[in-house]
Structure formats: C-alpha cells, structure tokens
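# Structural features, examined
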Amino acid sequence: MSYTIGIIGAGHIGHGLATHLAKTNYPVLITNRRGPASLTNLVASIGGSLRAADFTQTIAQADVLFIAVPWTQLSDLASQLQGHNGKILVDATNNIVSVSPFQLADIAGKPTGEHVAALFPIHRVVKAFNTLAAATLAQPSQSNIGNTVIVISGDDGDAKKQVADITKAMGFAPVDLGTFRQGGHLQDVGGVLSGIEFIKVNR
C-alpha cells in the first residue's frame, strides 16, 4: 500500500528517521516549528524521497505521521491535529521533561504509548522507534550480520501491521510486543528494552 509519510520534528530523532525513510519508495515530508527554509540543508544532505514542508501541508497530506517532538509539546500537537481524523501516529517520544537534572513526566504508571493514545483519541497510535539512542538510530539499519530490531506496541492491530511494513521498508526488523499494556512498559525509559540495540541475525 502506498502512503505519504510525515515527520513532525527535525531534531536528532527526526533526522535519524528521515535518513531511513528517505531511502524507501514512500513520499516523505518533514516539518518543524521554524518552517521549511530551516530544513534546506538537512533535506539536501539526506536526499532520496525526503522534502521539507510546512506544518499544515504535512498534516494534510500525510497518511502516517512520525512524532519526534519533545514530550512537553505533545499536548499542543494534539490540539493541532484535532481536525484530521484517523491518521496513523508513530509515537517515537519518551516522557523525558528534563535532562539535567534527569526527570520523567508522571503519567500515573501508564505505558507512555497508552498515555499518548489518550491525547490523540481520534488517531491510531503505535509506539515505535523510542528505544534507540539518536546516535544508534542514525546508523545503517542493516549490515552483513542482520537488521536492527525496532520494537512496537499498540492497541490497533491493523495500524501496527502498517507500521511494521514501513519499518521493514526502512531496513529494520519490527518485533510486535503486543498491546500497550502487554509491551509498552518494556520499551519505555527504564524498561528492559530501553537503550538496547538488538540485531535480527540473517540466516
């Protein structure tokens, strides 16, 4: 199935996602708060199917949106997406609100994916791409050994399948952890899968 993919956020995670998505056959739009002109050098350095767009254009055209903004911006983003129903949102965020001192947002013990899904009730949220450090995500997704694993969780099985297909097109190996309640905590900060790179070995 053909999609237009949008990336909201052009920081380290957004940049890493763009590097891999631009190598697929999907049209890919990337946007940030500073506008398309600020992304000229990034788009030129990555090339492929990537192009810069303003926020409104990205939201209107993209079927699948990769969310790579700071945790503190999610509520504002949810308000901005209210008029656009039913998009697949790939939630690559972590609930970090401060690095120095390190502090996590209190989300009452919920998996972050479940919390984000509640912020975006008219969309189909899949948690993915949040366990790898930005520097690791920027590396090639596959080598002669195998493919880097991307773990995903979510309550919408069809949306997870579509995200898994995109993940494979990026060269990664998707692994479905189940629902947010079943697998979400495993991939959150402090979870057993957070910050660890796994390789699915070629056989």
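Predicted model only: the values in this text are computed from it and were never measured.

## Some points on the overall build of the chain
A count of helical and extended segments in the chain gives 8 helices and 11 strands. In summary, the chain has a C-alpha radius of gyration of 16 Å against a globular reference of 17 Å for 203 residues, a match within 12%. On the principal axes, the C-alpha backbone points of the chain span a range of 45 × 40 × 40 Å. If you sum the accessible surface of the chain, you get close to 9600 Å²; carbon and sulfur atoms cover 52% of it. Across the chain, the 14 positively charged side chains and the 13 negatively charged ones have centroids separated by 5 Å.

## Here's the deal with the side chain of K160
Within the secondary structure, K160 is located in helix α7 (residues 157-169). Classification of K160 by relative accessible area gives buried; the value is 9%. Not counting residues within four places of it along the chain, the set of residues in contact with K160 comprises V126, I152, S153, G154, D176, G178 and T179.

## A look at the pairing of strand β6 (residues 96-99)
In this sheet, strand β7 (residues 102-104) lies alongside β6 in antiparallel orientation, the contact comprising 3 bridges. Opposite S98, over in β7, you have Q103 as the bridge partner. Hairpin connection, β6 to β7: the antiparallel pair is bridged by 2 residues.

## Comments concerning helix α1 (residues 12-21)
Across the 10 residues that make up α1, a large majority, 7, are buried. Within the sequence span of α1, burial applies to G14, G16, L17, A18, T19, H20 and L21.

## Looking at the packing of aromatic side chains
In total, this model carries 3 aromatic pairs according to the counting rule given. Aromatic pair F129 and F172: ring centres 5.6 Å apart, planes at 80 degrees, arrangement edge-to-face. Here F172 lies in the loop between α7 and β10 (173-176) and F129 lies in the loop between β8 (124-128) and α6 (134-137), a separation of 43 residues in the sequence. Taken together, the ring pairs in this structure connect F66, F129 and F172 into an aromatic cluster.

## Some points on helix α5 (residues 112-119)
For α5, the set of buried residues is T112, G113, E114 and V116. Contacts from the buried residues of α5 go to α4 (74-80), β5 (88-91), β8 and α8 (180-187).

## What to know about the pattern of salt bridges
Taken as a whole and assessed by the stated rule, the structure comprises 6 salt bridges. With a shortest N-O distance of 3.0 Å, K160 and D176 are connected by a salt bridge. With a gap of 16 residues between them, K160 in helix α7 and D176 in strand β10 connect regions that are remote in the sequence. On the accessibility criterion, D176 (45% relative accessible area) is partly exposed. Across the salt bridge formed by D165 and K161, the nearest N and O atoms sit 3.4 Å from each other. Note that D165 and K161 are positioned in helix α7 at a spacing of 4 residues, about one turn of the helix. Take K161: its relative accessible area is 51%, and that puts it in the exposed class. Overlapping salt bridges bring together R124, D156 and D158 as one network.

## Quick notes on the nonpolar core
Counting residues in hydrophobic clusters, the biggest one holds 34 residues, and the most contacted among them are I5, L17, L21, L50, F66, F129 and I166. No other element matches α7, which puts 4 residues into this core. Residues contacting I5, with those up to four places away along its chain left out, are L21, Y26, P27, V28, L29, A62, V64, F66 and I166. Residues L77, L81, V125 and F180 belong to the second largest nonpolar core, which totals 18 residues.

The rules behind each value
Residues numbered from 1 in each chain as written. Predicted model: local features only at pLDDT ≥ 70, side-chain atom pairs only at ≥ 80, totals over all residues. Heavy atoms only, no water. Helix = DSSP H or I, 4+ residues; strand = E, 2+ residues; numbered from the N terminus. Rg over C-alpha atoms; globule rule 2.2 N^0.38 Å. Areas by Shrake-Rupley, 256 points an atom, 1.4 Å probe, with all protein chains shown as cover. Lys, Arg positive; Asp, Glu negative; His and termini not counted. Charge placed at Lys NZ, Arg CZ, Asp CG, Glu CD. Buried < 20%, exposed > 50% of the residue type's maximum accessible area, 1.4 Å probe, protein only. Contact = heavy atoms within 4.5 Å. Pairing = 2+ DSSP bridges. Phe/Tyr/Trp six-rings, centres within 6.5 Å; stacked < 30°, edge-to-face > 60°. Salt bridge = Lys/Arg side-chain N within 4 Å of Asp/Glu carboxyl O. Core = buried A, V, L, I, M, F, W, Y, C linked by side-chain atoms within 4.5 Å.

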